[in-house]
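Notes for the structure review
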Amino acid sequence: MDLIFRDARGSDLQLLVEMLADDELGAQREDASIPLDQAYCSAFENIESDPNNELVVAESDNALVGMLQLTFIPYLSHRGSWRCLIESVRIQSQFRGMGLGTKLFEWAINRARQKDCKLVQLTSDKTRPGAIRFYETLGFQASHEGLKLKL
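Residues numbered from 1 in each chain as written. Predicted model: local features only at pLDDT ≥ 70, side-chain atom pairs only at ≥ 80, totals over all residues. Heavy atoms only, no water.

1. Quick word on the overall build of the protein
Of regular secondary structure, the protein possesses six helices and five strands. Ordered by position from N to C terminus, the α and β elements of the protein give β-α-α-α-β-β-α-β-α-β-α. In terms of overall dimensions, the protein is globule-like: its C-alpha atoms have a radius of gyration of 15 Å, near the 15 Å expected for 151 residues. The C-alpha extent of the protein, read off along each of the three principal axes, is 45 × 30 × 30 Å. By the burial criterion, 36% of the 151 residues in the protein qualify as buried. If you sum the accessible surface of the protein, you get close to 9800 Å²; carbon and sulfur atoms cover 51% of it. Computed over 17 positive and 22 negative side-chain charges, the inter-centroid distance for the protein is 8 Å. (Helix = DSSP H or I, 4+ residues; strand = E, 2+ residues; numbered from the N terminus. Rg over C-alpha atoms; globule rule 2.2 N^0.38 Å. Buried < 20%, exposed > 50% of the residue type's maximum accessible area, 1.4 Å probe, protein only. Areas by Shrake-Rupley, 256 points an atom, 1.4 Å probe, with all protein chains shown as cover. Lys, Arg positive; Asp, Glu negative; His and termini not counted. Charge placed at Lys NZ, Arg CZ, Asp CG, Glu CD.)

2. Points about the packing of aromatic side chains
According to the stated counting rule, one finds six aromatic pairs in the structure shown. Taking 5.8 Å as the distance between ring centres and 80° as the angle between the ring planes, the aromatic pair formed by F105 and F134 counts as edge-to-face. In this pair, F105 is assigned in helix 5 (residues 100-114) and F134 in helix 6 (residues 129-137), connecting sequence segments 29 residues apart. Here F105 falls in the buried class, since its relative accessible area comes to 0%. Taken together, F105, F134, Y135 and F140 form an aromatic cluster joined through their ring pairs. Just above the ring of Y75 sits the side chain of R83; from NZ or CZ to the centre is 3.7 Å. One cation-aromatic arrangement involves K115 over F72; the distance from NZ or CZ to the ring centre is 5.0 Å. (Phe/Tyr/Trp six-rings, centres within 6.5 Å; stacked < 30°, edge-to-face > 60°. Lys NZ or Arg CZ within 6 Å of the ring centre and 35° of its normal.)

3. Structural notes on the side chain of S81
As for its position among the elements, S81 is in the loop between helix 4 (77-80) and strand 4 (82-91). In terms of polar contacts, S81 uses its side chain to reach the backbone carbonyl oxygen of H78, at 3.1 Å. Excluding residues within four positions of it along the chain, S81 makes contact with I73, P74, Y75 and K118. (Polar contact = N/O pair within 3.5 Å; in protein donor to acceptor, adjacent residues only side chain to side chain. Contact = heavy atoms within 4.5 Å.)

4. Describing the sheet that holds strand 4
Sheet strands line up and pair through hydrogen bonds in the backbone, either parallel or antiparallel. Read across the open sheet, the five strands follow the order 1-2-3-4-5; overall the sheet is mixed. Strands with a single pairing partner mark the edges of an open sheet, and in this sheet they are strand 1 (4-7) and strand 5 (117-122). The sheet shows a mean angle of 30° between the axes of neighbouring strands, direction not considered. Of the pairings in the sheet, the one linking strand 4 to strand 5 comprises five bridges and is parallel in character. By the bridge assignment for strand 5, C84 is matched with V120. (Pairing = 2+ DSSP bridges. Axes fitted to C-alpha atoms, helices over the stretch in contact; angles between N-to-C directions.)

5. Quick notes on the pattern of salt bridges
Using the criterion set out here, one finds nine salt bridges in the structure. Here D22 ties to R96 by a salt bridge, and the two come within 3.7 Å at their closest N and O atoms. Of the two residues, D22 sits in the loop between helix 1 (13-20) and helix 2 (24-29) while R96 sits in the loop between strand 4 and helix 5, which places them 74 residues apart along the sequence. With relative accessibility at 31%, the residue D22 sits in the partly exposed group. Close ionic contact of R111 with E54 constitutes a salt bridge, the shortest N to O distance being 2.6 Å. (Salt bridge = Lys/Arg side-chain N within 4 Å of Asp/Glu carboxyl O.)

Listed below in structure tokens is the structure:
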């Protein structure tokens, strides 16, 4: 399956939220009902206007099949290098298991290289062992313990 990677558009937003809600964890924290919650629209506008954020979709035959968000972060440590944070990774459920996630990550890692990042990082919920195994096959290592505080 050939993929085209492009920036997400406002017209994609409903489907993007539906993809985020299409698993056990997402179903608990996302709301894909229509009309779409204004918070998603505001978040999209903030991401779109921030030069260090890219909300990217994977498209095949004019259909959205995947998505992810890249955030480019300047760091003082590691000799003042940039990092790329990958979040909100989703492949439409009917397209999972076809290698699209690998293609999406290969594109994202190359994008991080284009932006001169020295590190690519991500987090994955511990209740998603399949996702964690997938990331490890791509070379990611669980080198740090991640902590979060919900506000």
